Amino acid sequence: MALPLKGIRVLDLTHVLAGPYCTQILGDLGAEIIKIERPGVGDQTRKMPPHFVGEQSAYFLALNRNKKSLTLNLKTPEGKKIFCELVKVSDVVVNNFTPGTMEKLGLAHEDLKKINPRIIWASTTGYGQTGPHRGRPSYDIIVQAMGGVMSYTGEPDSPPVRCGVPIGDLGGAVFAVIGILSALVARSETGKGRMVDVSMLDVQLALATYRAKYYFVAGTIPKPVGTAHVSNVPLRAYRTRDSYLVIEAFMEHFWKNLCQIIDMPSLADDPRFNSRANRLDHREELDKILEDAFSKKPTQEWLDLLYEANIPAGPINNLAEAFEDPQILARNMVIEIDSPHTGKLKDVGNPIKLSDVDEEVYTPPPLLGEHTDTVLQELLGYSPEKLSDLKEKGAI
């Protein structure tokens, strides 16, 4: 079968990280992504240091596969006209401009739905389209900070820590995908498009889940607990003889099995540790016991015992080790994309595995304006003469 979004055309006005990651996910699922960039400039991440393959930034390459690049100057009358013509034959428009920008261009949701009532207009921005902060610029670290995430990430009594992956940007991207897919489903029933408005700051609070609920119920302001958990013990990283491992053995059957493999079976019935609540109350005492136990053997020896006892556990891999894990390789999470511009390069695969899809297909990230002529000829029927004229006017 074809990928599920085959036949869906997306006009992608996004740049940097949140927007391009959103549209790359849609492209991986089969949508046709037309990345619209400023002539001669393009997405600023095309020049993002420090790593390049030829003139292609590794940062840009990570976020723009399965896309076509069309250069278009939306500030010219001709460029805006072309965009509106493309809207007529497209399904989704995605942008991550500061709110107000699309309105100034005359390309707001209210404008575009007059051109195509079926169009889905989506944005993922720092603060969303409404509210007192809507016009402020914002990036990942800003929403992590304002959303509280940095205040409870890291070790106790440490300075605020940003998540190792840009969860502000990536969370906004994933929720934008969910919103777009929901709007596509609704359109199949109503025949009308919707506006999808995702605030990266909103997403940070949505991801707080139980930490937010603990605050609402008990007034508890979250504090950093390192690799541990505020409710479940034992659940954290422990140092072994040669490195670290992590376990999650708070459920009773896991806890009893853990007591057996560390040769301390009596711990399971110790009144300090014989229930989840008691283990939580005596966390420091239990952690000292487990720290001492795990320090006596190397990581792999412990993992063999933990896996045999069916206790959730794992090593703390670096990225090189993660990409060599046989589980990762078995699920095609390391792929290779062949490009005429960069040659063959490894990339991270699509984590969404679908039945009845025989082969995942990936096209390489495009050069700036690589598909301008092709897109305008095939979708709008432009002649070579018209394309030449538009180039002279700076529209494309």
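Everything below is about the structure printed above this text.
Residues numbered from 1 in each chain as written. Predicted model: local features only at pLDDT ≥ 70, side-chain atom pairs only at ≥ 80, totals over all residues. Heavy atoms only, no water.

Draft legend 1. Examining a nonpolar patch on the surface more closely. A contiguous nonpolar patch, built from Tyr-139, Ile-141, Ile-142 and Met-146 and spanning about 370 Å² of accessible area, is present on the exposed surface. Following the sequence through the fold, Tyr-139 ends up in the loop between β7 (120-125) and α6 (140-146). (Patch = residues over 30% accessible without salt bridge, like charges linked within 9 Å, V, L, I, M, F, W, Y side chains within 5 Å. Areas by Shrake-Rupley, 256 points an atom, 1.4 Å probe, with all protein chains shown as cover. Salt bridge = Lys/Arg side-chain N within 4 Å of Asp/Glu carboxyl O. Helix = DSSP H or I, 4+ residues; strand = E, 2+ residues; numbered from the N terminus.)

Draft legend 2. The arrangement of the nonpolar core in detail. The biggest cluster of nonpolar side chains holds 26 residues, and the ones touching the most others in it are Phe-83 and Val-93. Of all elements in the fold, only β2 (32-37), α3 (77-88), α16 (372-380) and α17 (384-392) reach the threshold of two or more residues within this core. For this core, the element with the most residues is α3, which contributes five residues. Setting aside residues up to four positions removed in sequence, Phe-83 forms contacts with Leu-11, Leu-13, Ile-36, Leu-72, Leu-74, Val-93, Leu-107 and Leu-112. (Core = buried A, V, L, I, M, F, W, Y, C linked by side-chain atoms within 4.5 Å. Buried < 20%, exposed > 50% of the residue type's maximum accessible area, 1.4 Å probe, protein only. Contact = heavy atoms within 4.5 Å.)

Draft legend 3. Representation of helix α7 (residues 167-190) in the model. Here α7 spans 34 Å end to end across 24 residues, near enough to the 34 Å set by a 1.5 Å rise per residue. Once α7 finishes, Gly-191 follows within two positions and takes phi at roughly 80°, a positive value. (Expected span 1.5 Å × (residues − 1).)

Draft legend 4. View of helix α13 (residues 299-308). Within the span of α13, buried status applies to Thr-299, Trp-302, Leu-303 and Leu-306. Projected down its long axis, α13 shows its buried positions confined to an angular sector of 100°, all on one face. Packed against the buried residues of α13 are β10 (244-248), α10 (252-261), α12 (283-294) and β11 (313-315). Two residues or fewer after α13 comes Asn-310, characterised by a positive phi angle close to 60°. (Arc of directions from axis to C-beta.)

Draft legend 5. Up close: the sheet that holds β7. What the six strands build is an open sheet, ordered β5-β2-β1-β6-β7-β8; its pairing is parallel. The sheet terminates laterally at β5 (68-71) and β8 (195-199), the two strands that pair on one side only. Here the strands of the sheet are splayed against their neighbours by 20° on average, with no regard to which way each runs. Judged from the five bridges that link them, β7 and β8 form a sheet pairing that is parallel. Within β8, the position partnered with Trp-121 by the bridge is Met-195. Running over the sheet, α3 touches β1 (9-12), β2, β5 and β6 (92-95) and is turned about 155° from β1. (Pairing = 2+ DSSP bridges. Axes fitted to C-alpha atoms, helices over the stretch in contact; angles between N-to-C directions.)

Draft legend 6. Here's a closer look at the layout of surface pockets. Of the volumes computed, that of the largest pocket is approximately 1,100 Å³. Those elements giving two or more residues to the lining of the largest pocket turn out to be α1 (18-28), α2 (58-61), α7, α14 (319-323), β12 (334-339) and β13 (343-348). (1 Å grid on protein atoms, 1.4 Å probe; cavity = no way out; pocket = protein on both sides within 12 Å on 5 of 7 lines; lining within 4 Å. Points joined across faces, edges and corners; volume = space filled by probe spheres on them.)

Draft legend 7. Looking closely at the sheet that holds strand β9 (residues 235-239). One open sheet accounts for three strands, arranged β9-β10-β11; its pairing is antiparallel. Edge positions in the open sheet fall to β9 and β11, since each of these has one partner strand only. Within the sheet, the average angular offset between the axes of one strand and its neighbour, ignoring direction, is 20°. Of the strand pairs in this sheet, β9 and β10 are connected by five bridges, and their pairing is antiparallel. Looking at the pairing, Tyr-238 lines up with Leu-245 of β10. Its contacts with the sheet put α12 on β9 and β10, and the angle it makes with β9 is roughly 40°. Taken strand by strand, α13 contacts β10 and β11, and its axis lies near 155° from that of β11.

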